[in-house]
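Fold and geometry: a report
For reference, the chains in residue letters:
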Amino acid sequence: QSQSIANYRCSMTCQQVVQANSSGVNQQFLPWYAAAVACGMQAGGFYKSIVNHLANIVSFVDPVGYDSGDPADVSDAITAGLLVLTQDTSGIKWISDQTCYGLDTNFVYNSIQAVYLSDILALDLAQSFQNAIVGKSVADVSAASALSFLQQRFDYYKKLKMTTTSNEAPLGYRNASIQISAPSMYVSVEAKLTTSIYFVAIDLALSAVQQSAS
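The model shown is predicted, which means the values in this text are computed figures rather than measured ones. (Residues numbered from 1 in each chain as written. Predicted model: local features only at pLDDT ≥ 70, side-chain atom pairs only at ≥ 80, totals over all residues. Heavy atoms only, no water.)

1. What about unusual backbone geometry?
For the peptide bond that leads from A182 to P183, omega is 15°, which places it in the cis range. Mapping P183 onto the fold places it in the loop between β8 (173-181) and β9 (184-191). Unusually for a residue other than glycine, N52 sits at a positive phi of about 65°. (Helix = DSSP H or I, 4+ residues; strand = E, 2+ residues; numbered from the N terminus.)

2. Description of the environment of A176
Looking at the element boundaries, A176 is found in strand β8. A176 sits in the partly exposed class, given a relative accessible area of 27%. Sequence-wise, A176 and I50 are 126 residues apart; in three dimensions their C-alpha atoms are separated by 31 Å. For A176, the residues in contact, after removing those within four places along its chain, are L147, L150, S188 and V189. (Buried < 20%, exposed > 50% of the residue type's maximum accessible area, 1.4 Å probe, protein only. Contact = heavy atoms within 4.5 Å.)

3. Side note on the pairing of strand β7 (residues 91-94)
In this structure, strand β6 (residues 85-88) lies alongside β7, joined through four bridges in antiparallel fashion. Opposite L85, over in β7, you have W94 as the bridge partner. Between β6 and β7, which pair antiparallel and follow one another directly, the connecting turn spans two residues. (Pairing = 2+ DSSP bridges.)

4. A word on the nonpolar core
Most often, soluble globular proteins keep nonpolar side chains buried together rather than apart. Among the nonpolar cores identified, the biggest contains 18 residues, and L125, F129, L150, F154, Y157 and L193 are the most heavily contacted of them. Mapped by element, the contributors of at least two residues to this core are α4 (112-132), α5 (143-159) and β8. Beyond its immediate sequence surroundings of up to four residues, L150 is in contact with L125, F129, A176, I178, V187 and V189. Core analysis: the second largest hydrophobic core is formed by 15 residues, V17, Y33, I92 and I112 among them. (Core = buried A, V, L, I, M, F, W, Y, C linked by side-chain atoms within 4.5 Å.)

5. Here's the deal with the sheet that holds strand β4 (residues 59-61)
Strand order in the open sheet formed by three strands is β3-β2-β4, with antiparallel pairing between adjacent strands. Two strands in the sheet have a free side with no partner beyond their single neighbour: β3 (26-29) and β4. Here the average twist between neighbouring strands, direction ignored, is 25°. In this sheet, β3 lies alongside strand β2 (residues 16-20) in antiparallel orientation, the contact comprising four bridges. (Axes fitted to C-alpha atoms, helices over the stretch in contact; angles between N-to-C directions.)

6. A few points about the state of the cysteines
Within the structure shown, the criterion is met by zero disulfides. Here C10 stays unpaired: no disulfide links it, and the sulfur of C100, its closest cysteine neighbor, is 5.8 Å away. The structure places no disulfide on C39, whose sulfur is separated from the nearest cysteine sulfur, that of C10, by 12 Å. (Disulfide = S-S within 2.5 Å.)

7. Let's talk about the pattern of salt bridges
Tallied over the entire structure, the rule returns seven salt bridges. The partner of D88 in a salt bridge is K93, and the shortest N-O contact between them spans 3.4 Å. With a relative accessible area of 37%, D88 lands in the partly exposed category. In this structure, the salt-bridge partner of E190 is R174, at a minimum N-O distance of 3.0 Å. (Salt bridge = Lys/Arg side-chain N within 4 Å of Asp/Glu carboxyl O.)

The following block contains the structure:
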């Protein structure tokens, strides 16, 4: 079902969730409850992802044929574009923030956090230029002043941790340019979107002990 949707704006949960209902009694909910929990966590986390963070639920139930404790099943679920929970000694966590996109390695379209943050960044940048530039005379607004405004916005985004430093973009963006061809202004910029670390690869070398004495 997830692969048939194959859309980066959708995520699909498959595990039923046990949580206290409005009467304070534990109740088993269909997978929509897990989706609502994930949505709330991402909205609250803002630039942070839900990956490896605890979900506020009592327990969950895997669907028939799926074992959240089996790494092979978990890998298949993520590849299929499913949003799944796991449990360890610390509690119940999200394994990933996978969307239903799952077509390639696109780092934005395959992450709820990246899609959420890129939407906010794009909408705010568009609204900021709408408020500051549209309707102004080209006698009062120049390409240089618009570029300065763009730089101010990205300084603001970096302070909010929406963008972050990269080797080739220490300010969190690069290749910024403004062109005016009245009555239009063209803004181009490459943002370094804040994302999360999903994997840690450890290269551990072992060697035998050697001693000598004389």
